Amino acid sequence: MYSTVSYLNTFSGSPALIVTMLVAPVLLLLLVPFPPSSGAQLPNQGQAKDLPIATNGQPFPWDRMRLPKTISPLHYDLTIHPNLTTLDFTGVARIELDVHEDTSIIILHAKQMQISNVLLLAPEGIRPLHVLEYPHFHQLALLSDSVLTKGRKYEVQLEFAANLSDSYHGFYKSSYRTSSGEVRVMASTQFEATFARAAFPCFDEPAFKANFTIRIIREPRHIAISNMPKVKTVELPGGLLEDHFDTTIKMSTYLVAYIVSDFLSVSKTTQHGVKVRRTTDAVMHPISVYAVPEKINQTAYALDAAVKLLDFYDNYYDIPYQLPKHDLAAIPDFQAGAMENWGLSTYRETGLLFDPDRSSASDKLGITKVIAHELAHQWFGNLVTMEWWNDLWLKEGFAKFMEYISLDISYPELHVDDFFLGKCFDAMEVDSLSSSHPVSTPVENPMQIQEMFDDVSYDKGACILNMLRDFLTPEAFEIGIIQYLKRYSYQNTVSSHLWESLTNVSDVCSDDELDVRAIMDTWTLQEGFPLVTVEVRGREVRLSQERYLKTDDPSLTEGFLWQIPLTYMTSTSNTIQRFLLKTKTDILYLPEEVDWVKFNVDMSGYYMVHYAGEGWNSIIRLLQHNHTALSGNDRANLIHNVFQLVSIGKVRLDTALELSLYLSRETEIMAVTQGFGELVPLYKLMEKRDMAALENQMKGYIVDLFRGLIDRQEWTDSGSVSERVLRSYLLLFACVRNYAPCVTKATQLFNKWKDSDGTLSLPVDITMAVFVIGARTPEGWDFLFEKYRHSMQMSVKSRMKTAMTVTSLQDKLTWCVHLASYGEVMKTQDLPGVVVSVSKNPHGYKLAWDFLRANWHTLIKKFDLGSSTISHMVTQVTNQYSTREMLDEVRSFFGSLTEETGSEMRCIQQTYETIEDNIRWMDTNLPLLQAWLNKRSHKVAHEDL
Ligand code: BES
Ligand code: ZN
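- By the naming in an unreviewed UniProt entry, the protein is Aminopeptidase, taken from Lates calcarifer.
- According to its UniProt record, the protein has this under Sequence similarities (unreviewed entry): "Belongs to the peptidase M1 family."
- Note on the protein: under the UniProt heading Subcellular location (unreviewed entry), the record states "Endomembrane system".

## Examining the UniProt feature "binding site: Zn(2+)" (unreviewed entry) in the protein
Reasoning step 1: Following the UniProt record, the feature "binding site: Zn(2+)" (unreviewed entry) maps to H373, H377 and E396 here. For the residues just named, distributed over 24 residues, the greatest C-alpha separation is only 8.7 Å, placing them together at one site.
Reasoning step 2: Relative to the helices and strands, H373 is located in helix α4 (residues 361–377).
Reasoning step 3: Residue classification places H373 among the buried positions, given a relative accessible area of 5%.
Reasoning step 4: Setting aside residues up to four positions removed in sequence, H373 forms contacts with Y313, E396, A399, K400, E403 and Y458.
Reasoning step 5: Along the chain, E396 falls in helix α5 (residues 393–410).
Reasoning step 6: The contact partners of E396, leaving out residues within four places of it in the chain, are E192, E340, H373, H377, F453, S457 and Y458.
Reasoning step 7: Here the side chain of E396 touches H377 through a polar contact of 3.0 Å, side chain to side chain.

## Regarding the coordination of the zinc ion (ligand 2)
Reasoning step 1: The coordination sphere of the zinc ion (ligand 2), as far as protein atoms go, consists of H373 (NE2), H377 (NE2) and E396 (OE), spread over 1.9 to 2.1 Å.
Reasoning step 2: One chain supplies every donor for the zinc ion (ligand 2), spaced along it as H-x3-H-x18-E. Note that H373 is positioned in helix α4 and E396 in helix α5, a separation of 23 residues in sequence.

## Section: the state of the cysteines
Reasoning step 1: Inspection of every chain in the model, using the stated rule, returns 1 disulfide.
Reasoning step 2: Sulfur-sulfur distance for the disulfide between C424 and C463 comes to 2.2 Å. Here the disulfide of C424 and C463 is left-handed, its torsion about the S-S bond being about -105°. A residue pair is termed long-range when its members are at least 10 positions apart, and C424 in helix α6 (residues 420–431) and C463 in helix α8 (residues 455–472) qualify at 39 residues.
Reasoning step 3: By relative accessible area, C463 is classed as buried at 1%.
Reasoning step 4: C735 carries a free sulfur, and the closest cysteine sulfur to it, the one in C742, is 4.9 Å from it.

## Brief notes about the pattern of salt bridges
Reasoning step 1: All chains considered together, the criterion is met by 52 salt bridges.
Reasoning step 2: In this structure, K550 and D917 form a salt bridge, with 4.0 Å as the shortest nitrogen-oxygen distance. Linking K550 in the loop between β24 (540–547) and β25 (564–570) with D917 in helix α28 (residues 906–944), this pair joins segments that are 367 residues apart in sequence. Summarising the burial analysis for this pair, K550 and D917 share the class buried.
Reasoning step 3: D765 serves as the salt-bridge partner of R724, at 2.9 Å between the closest nitrogen and oxygen. A residue pair is termed long-range when its members are at least 10 positions apart, and R724 in helix α17 (residues 721–736) and D765 in the loop between α18 (740–755) and α19 (767–774) qualify at 41 residues. Comparing R724 with D765 shows no difference in burial state: the two are buried.
Reasoning step 4: Taken together, the salt bridges that share partners define one network made up of E124, R127, D145 and R152.

## Section: the domain arrangement of the protein
Reasoning step 1: Taken as a whole, the protein is organised into domain 1 (53–262), domain 2 (263–275 + 285–361) and domain 3 (385–527).
Reasoning step 2: One C-alpha centre belongs to domain 1, the other to domain 3, and the line joining them spans 33 Å.
Reasoning step 3: At the interface, 16 residues of domain 1 touch 17 residues of domain 3.
Reasoning step 4: Buried surface at the junction of domain 1 and domain 3, both sides included, amounts to about 1,400 Å², of which 62% is carbon and sulfur.
Reasoning step 5: The largest per-residue losses of area from domain 1 upon contact with domain 3 belong to R66, P206 and K209, which jointly make up 34% of the total buried on that side.
Reasoning step 6: Viewed at the interface, domain 3 and domain 1 are joined by 1 salt bridge.
Reasoning step 7: The partner of K395 in a salt bridge is E192, and the shortest N-O contact between them spans 2.6 Å.

## Re the UniProt feature "domain: Aminopeptidase N-like N-terminal" (unreviewed entry) in the protein
Reasoning step 1: As annotated by UniProt and renumbered to match this structure, "domain: Aminopeptidase N-like N-terminal" (unreviewed entry) occupies residues 73–255.
Reasoning step 2: With 0% helix and 59% strand, residues 73–255 has its two end C-alpha atoms placed 15 Å apart.

## Re α6
Reasoning step 1: End to end, α6 covers 17 Å across 12 residues, agreeing with the expected 16 Å (1.5 Å per residue, within 8%).
Reasoning step 2: Burial analysis of α6 places 10 of its 12 residues in the buried class, which makes it a mostly covered element.
Reasoning step 3: Listed in full, the buried residues belonging to α6 are F420, L421, G422, K423, C424, F425, A427, M428, V430 and D431.

## Quick notes on the nonpolar core
Reasoning step 1: F200, I371 and F599 are the most contacted members of the largest nonpolar core, which totals 315 residues.
Reasoning step 2: In contact with F200, other than residues within four places in its own chain, are Y76, L78, H109, M113, F160, F191, F212, V256 and Y258.

## Focus: the sheet that holds strand β11 (residues 211–218)
Reasoning step 1: A sheet is described by the order of its strands in space; here 8 strands give the open sequence β5-β4-β8-β2-β1-β11-β14-β13, paired in mixed fashion. The open sheet has two edge strands, β5 (125–128) and β13 (230–235), and neither has a second partner. Along the sheet, successive strands turn relative to each other by an average axial angle of 20°, direction set aside.
Reasoning step 2: Sheet analysis places strand β4 (residues 114–122) next to strand β8 (residues 153–163), joined by 6 bridges and oriented antiparallel. The residue of β8 that forms the bridge with L119 is Q157.

## So, the packing of aromatic side chains
Reasoning step 1: Taken as a whole and judged by the stated rule, the model has 52 aromatic pairs.
Reasoning step 2: Seen from their ring centres, Y317 and W379 are 5.1 Å apart, and the 40° between their planes marks the pair as tilted. In this pair, Y317 is assigned in helix α2 (residues 300–317) and W379 in the loop between α4 and β21 (385–386), connecting sequence segments 62 residues apart.
Reasoning step 3: Take Y317: its relative accessible area is 0%, and that puts it in the buried class.

Thresholds, definitions, all that
- Residues numbered from 1 in each chain as written.
- Chains lettered and ligands numbered in written order.
- Predicted model: local features only at pLDDT ≥ 70, side-chain atom pairs only at ≥ 80, totals over all residues.
- Heavy atoms only, no water.
- UniProt positions renumbered as here; feature names shortened; annotations may be inferred.
- Helix = DSSP H or I, 4+ residues; strand = E, 2+ residues; numbered from the N terminus.
- Buried < 20%, exposed > 50% of the residue type's maximum accessible area, 1.4 Å probe, protein only.
- Contact = heavy atoms within 4.5 Å.
- Polar contact = N/O pair within 3.5 Å; in protein donor to acceptor, adjacent residues only side chain to side chain.
- Donors = N, O, S within 2.8 Å, 3.2 Å for Na, K, Ca; no water.
- Disulfide = S-S within 2.5 Å.
- Salt bridge = Lys/Arg side-chain N within 4 Å of Asp/Glu carboxyl O.
- Domains from an automatic or database assignment.
- Buried area = accessible area lost by both parts, 1.4 Å probe.
- Expected span 1.5 Å × (residues − 1).
- Core = buried A, V, L, I, M, F, W, Y, C linked by side-chain atoms within 4.5 Å.
- Pairing = 2+ DSSP bridges.
- Axes fitted to C-alpha atoms, helices over the stretch in contact; angles between N-to-C directions.
- Phe/Tyr/Trp six-rings, centres within 6.5 Å; stacked < 30°, edge-to-face > 60°.

Laid out in structure tokens, this is it:
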């Protein structure tokens, strides 16, 4: 099964112990239910219930999921030989060990690979080691017949072989088709969080940092790239080539990367660290972008962005980039958005490739943000790494936050600040359920670790950092994180290390002693977020806090207390006032009586506000008469808060709808999109029930509200990024909602485009609207599909794909899901997106739900249990259900799962809670909504007379 290369036979005299852990890859092919997979997932416990038994029947000498700390790796020498014809790989790992306590057992990770010829290279000579395997925990035990003594240097050497993975993690296969139809195969790695062990035997925990020296064997028609620059290439007998890469600095296993492909690259050299070193010893760092040959002409934007952003971080962090080069590679098959491997970050093609003529303003924003994110990790995560995955937020929340800090300074024209609060809304959505979890949460098994890559770690993490920065001042915050990075370089940290560094700085910067840790522990160690109720009585402002929670059970909100850095302004002063609310209730005194107060200015804090008494009415009056007295972000924040308060019964739906009326004069992107964000879901719930009359009334109300703004949109690409993003959003909405002037225009444009055989260049911002209208007819859909098949422009393809899933033609929807499952014309990496998009379609939601259920086992095998891909699919496919029947159906499916097939996943609880919340919402509010819409249409009809 495996190709043998001569170097693997070097130690052929030693006992060959072959451990088979391979699970045959299952291809995702059809829409029909697949047979259940053999279930290679892990159980929940961190400690084996009984004494673990190795695969050969002997007792396995370690019963925990975490590795012992008796031995740690110092250096890995890895030689890897992928065979892109037979789709497997072989390798040799030689690991230098540091023995901290005398022992005769070495426990390390390996997953689904054959292990052979395992040797101990001790000062007294070379000896074979006995190998036991415990696949349950992905562990190997190497047993020595003599004791390894503390302080002495040892090495182990293992040979291994496995198939290239058919998923998107470990060492996996990717392929693409050239414009002439030829299929080309390549191999790439994705190790975070627990998949380095599927590519080579290793101590696969982030705190086991070591140096890596990597060699890759390849055919001359391919190239190999890895974390470090290549130092030489050696020709092997038989014509293969072996690339030797320089040794890395100390790093975690999850950051190792290598790619064998026929990619081309473009490069620029940048002079990093000029400010940092202030001397003449600045080092030149080449930056390169790699992509498949036919897309290399779409890499210029990413290359410039990477150079600019790496320079930014060099200066901001006051620490030079640590490696001699950085490569960015666009991989044709990629599950996540991107990955920060040290020196070789990897991306989805849509996340890196940019065509100035065909990519949109939001593509540009997205690509710049992804690069900013992965480069931020080169310091936050790579140089300083969390001790364990419970503190994943330390790097992910930070990198998410740095996307905004870096773009704000390096790309002011992108106005990234306009969008930050969207992250806090996203985080609050999951954080308002009782199934949420604290930012720092204990995790043990790979599924739980995967689940940490969620909106809580990323978005809540970023939002609480933003709140802290605002509270401490940007200057003090920057000094604190520089201190943190310098102090813990090449080491591992826990959250409190960050708080200590920031406390030290705030002591210097202010007279008051601030306990940053005490404040921040309330945000990272307890789940959820506070609702602050504000009641103004004369000059007195009464404050109280409680947990905001969407539940029937009030006992769940008890016992929570936050230290909340409140900000506010009033009708008489737009200077931001601050107050740290530490207790359950408190009172503030204003210098004079005011018409209104607005708390959480610009939404720089992670909390919601309820304006009790006359509070909401005075805000509604303000928005009606003078909405620009508040910033666009403040307006978006108010829209969000008022509708969310309806969900928990604090505010009547009428009040929220009365507030929404001012939106007819709104023009700022976040307030407009938040208006849509609160109103559209109401009719989306109805679309999945039999209530067309009210549904259409609601749709009519929303179109009416934004009619003026829609009419004012030009069908061109002019304006700022925000204006452009808003334009494509509005025109798409108008077309989907059948707003006649838009449909007419889009139809004309689609026909013109079709008549030109797709050569006519449409303004980028309007293509989504035009494609969606085109995809309504079978001929239009087929034409779009033909263009999709042959396009090399990733962003154009992505818009066509979305348009094809928005159609009401059921057979076309089925075909889309089929195509993405099959993976030939539409890549399987896009299947989750297609399924979610189809599930939002009133003509496709049943199809999506049936598909999810029928293909569950294949999906979790391909995309991995606990991954954000799987949880996204689960929550998105079901979150617009609002009936008890649907809840029963959803419960019955997820209730039938076993631990191995995902029954423990948090997303299942989120799904139940969301549907329960929808049911409650509909029960309480449907009559009110009906009455309010009726009253309004009477009023409008009356005004028209
Ligand atoms: N470290 C992650 C990639 C990752 C995600 C690894 C999930 C393992 C599991 C990377 O830095 C990341 O956060 N990528 C984001 C994109 C980013 C712009 C938010 C992603 O893939 O969604
Ligand atoms: Zn990240």
